[in-house]
Amino acid sequence: MSSALLSLVLAAGALPGWPRPAGGPVSQAAIAVQLDGEPAALVVAGDALVAFRADGQRVPGFPVALGPGELATGAPAAVDRGGRPDVAVVTGSGKVFLFSGATPVKPFPRALGARARAGASFADVDGDGKPEILVGDARGRLHALRRDGEEARGWPVDLGAAVTSTAATARFAGGPALAVGCADGKVHVLDLATRKERPGFPLRTGYEVTGAPAFVDLDGDGEMDLVVASQDFKLYAVDRRGAPLAGFPVEAGYRIYDGPAVGDLDGEGKLSVAFTSADGLLHVVDAGGAERPGFPVKLGARVFGGAVLGDLDRDGRPDVAAVSADGNVVAVDREGKMLAGFPTRFEASDLGASPALLDLAGDQSLSLVIGFPGGDLYAVRALRFGTVAARAPWPMPGHDPARTGHATAATSYHALALEPAAPRTGDALRARWRWAA
C-alpha cells in the first residue's frame, strides 16, 4: 500500500472509489456541476477537462482534450444553461475554450491575442440576461466574450497591466460592478454599465494580486465591501469609496497567493475572513481585522492554494480547510481545533491547487476535493459528523462555479427610524429604513 493510501486509511475518510487518477497534473481547484442530472466534480488535469461522479467513475464524454500543451491558467468556470453547464477554460497560451457539458461550443476556442495568467468567470455585463465570459490577458485587457465568441459591446477594457486574477462581480456602490487584480498591484473596480473606474479606485497594493477579490458586506452596514489578498503580504478590506475598513490592512508573514474566503463562522451574522500565507499559515480574522482565537494554524512549510469554508462535520457551524504545498490537508473548526481525522498527509511536492468543498454524493455532506501535481484527485471527509445538513459559505476559490466572487447575506435592515422622531397623539407616522440582501 502506498504511503498516500495508508495515510487515507488511517486519517480522514474517503468516498468509495477515490482517489482517482485524473490523467494529468492538477494545478487548479475543482468545481461542482450537474451533468446528466447528477452531481460531478469537474477539473482540468494536464491538457484535458475531466469529470468524475461520486463513486469515482468518469462521466461519459470525458475527458475532453484542450490540445497538446494547452495548460489551464485557472480553475474552470461554469454556469447552468437549461440543465446543462456551460464550462469555460482559459489556457496560458491565451485561448478560451467553451463547452456545453463535454461538447465544444463553436466558434470556440477563441484566441485573446496575448497570453493569459488567470482563469475565467461568468457575469452578465450588458444586462441582457445572458452571462458573458470575463477573462484578462497579459497585455492588460479585460475581455467579455459572448457565447457566439464575439466581444460584448465596448469590450475589451484596457487596464494598463497584465491581468493576474479572476474577475469578481456584484452590486457594489449602487450598481453592478466588477473587481479584478493586476500585475502592478492595482485592483480595478469598474462600473459594468459604463466600464469606467468607480470613484476611489483602483485599490493600490504593493505587489501583484493573483487571488480573486471578494465582494461581501464585511462590516454589516448593509453595503458591499471589497476584500483583497495581495502578494505584498497584506489582506485589504475597503468600503464602496475605497476607504480602508477599521483594522485593515492585515499583514501576514509572507505572500498571499489565493483570494480570501468569507463567511459567518459563529451563526451570529458577523463575518470572518480566512486566507493562507505562503509561510505555511492558515489565518482567520474577524470583521475588525483581529486574528480569531486559535489562529493562525500551521499547515506546513509553504502554501500556494487558498482556504475554503464549509460544515465538514455537520455540526451546524462552518469549518475551515486548506492544504499545504507538501500535501498536508488540514480542517479545523471555528476555534482552530482539528476535526476528527485531520490533519491528513499525502505525499506531494509544490501542490498549488486550492481545495474545494463539494456535495458529490448528494447526501448533504461535504467532501474535500483536492487535486495533486502527480495527477491524483482525492475526495476526503471528516471521520465523524452529525446530522445537520452541511452548509458551505465559501466552498471554492471565487465562491461558486461561475467564480462570481461574492456572497449574498440574508436580508437585513439598517437605519431604522420613525418620523416624526417625537410624535404626538394623532400624528401620522412614517417608517424609514434601508435594507440589503
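Only a predicted model underlies this, so the values are computations on that prediction, with no experimental measurement involved.

Analysis parameters
Residues numbered from 1 in each chain as written. Predicted model: local features only at pLDDT ≥ 70, side-chain atom pairs only at ≥ 80, totals over all residues. Heavy atoms only, no water. Helix = DSSP H or I, 4+ residues; strand = E, 2+ residues; numbered from the N terminus. Contact = heavy atoms within 4.5 Å. Pairing = 2+ DSSP bridges. Core = buried A, V, L, I, M, F, W, Y, C linked by side-chain atoms within 4.5 Å. Buried < 20%, exposed > 50% of the residue type's maximum accessible area, 1.4 Å probe, protein only. Polar contact = N/O pair within 3.5 Å; in protein donor to acceptor, adjacent residues only side chain to side chain. Phe/Tyr/Trp six-rings, centres within 6.5 Å; stacked < 30°, edge-to-face > 60°. pLDDT = per-residue confidence, 0-100.

### Some details on the environment of His 406
Tracing the sequence through the fold places His 406 in the loop between strand 34 (376-381) and strand 35 (412-419). Taking the C-alpha atoms as reference, His 406 lies 12 Å from Pro 395; in sequence the two are 11 residues apart. Among residues more than four places away in sequence, those in contact with His 406 are Thr 169, Ala 170, Phe 215, Met 224, Trp 394, His 399 and Asp 400.

### A short note on the sheet that holds strand 22 (residues 234-238)
In spatial order, the strands read 20-21-22-23; together these four strands make up an open sheet with antiparallel pairing. In the strand order of this sheet, the two ends are held by strand 20 (214-216) and strand 23 (250-251), each with one partner.

### Quick notes on the environment of Ala 431
Residue position: Ala 431 is located in strand 36 (residues 430-436). Between the C-alpha atoms of Ala 431 and Pro 25, which are 406 residues apart in sequence, the distance is 59 Å. Those residues in contact with Ala 431, other than ones at most four positions away along the chain, are Ala 417 and Leu 418.

### Observations regarding the sheet that holds strand 3 (residues 31-35)
Overall, antiparallel pairing links the four strands, which are arranged 3-4-5-6 in an open sheet. The outermost strands of the open sheet, each flanked by one partner alone, are strand 3 and strand 6 (64-65). Judged from the five bridges that link them, strand 4 (residues 38-45) and strand 5 (residues 48-52) form a sheet pairing that is antiparallel. Directly across from Ala 41, in strand 5, lies its bridge partner Phe 52.

### Here we look at the nonpolar core
Counting 36 residues, the largest nonpolar core has Leu 42, Leu 49, Phe 62, Val 89 and Leu 358 as its most contacted members. Where this core is concerned, the elements lending two or more residues are strand 3, strand 4, strand 5, strand 8 (84-90), strand 9 (95-100), strand 32 (356-358) and strand 34. With six residues, the top contributor of residues to this core is strand 4. Those residues within four positions of Val 89 in sequence are excluded, and the remaining contacts are Val 44, Leu 49, Leu 66, Ala 72, Pro 76, Lys 95, Val 96 and Phe 97.

### Examining the side chain of Ser 365
Inspection of the secondary structure puts Ser 365 in the loop between strand 32 and strand 33 (367-371). A polar atom in the side chain of Ser 365 sits 2.8 Å from the side chain of Arg 314. Beyond its immediate stretch of four places on either side in the chain, Ser 365 contacts Arg 314, Leu 358, Asp 359, Arg 381, Phe 385 and Ala 390.

### What about the packing of aromatic side chains?
A full pass over the atoms with the stated rule returns nine aromatic pairs. Each ring, one from Phe 172 and one from Phe 201, has its centre 5.9 Å from the other, and the planes form 65°; the classification is edge-to-face. Of this pair, Phe 172 sits in strand 16 (residues 168-172) while Phe 201 sits in the loop between strand 18 (186-191) and strand 19 (203-204); the two residues are 29 residues apart in sequence, bridging distant segments of the chain. Of the two residues, Phe 172 and Phe 201, both sit in the buried class. With centroids separated by 5.3 Å and ring planes inclined at 55°, the aromatic side chains of Phe 233 and Tyr 254 adopt a geometry described as tilted. In this pair, Phe 233 sits in the loop between strand 21 (225-229) and strand 22 while Tyr 254 sits in the loop between strand 23 and strand 24 (261-263), placing the two residues 21 residues apart along the sequence. Every member of this aromatic cluster is reached through a ring pair, and the members are Phe 172, Phe 201 and Phe 215.

### Quick word on the confidence of the model for the protein chain
Mean pLDDT over the protein chain works out to 92, with 94% of the residues at or above the 70 mark. This stretch, residues 1-10, has a pLDDT under 50; its non-local contacts, to residues over four places away or in other chains, come to 14 contacts.

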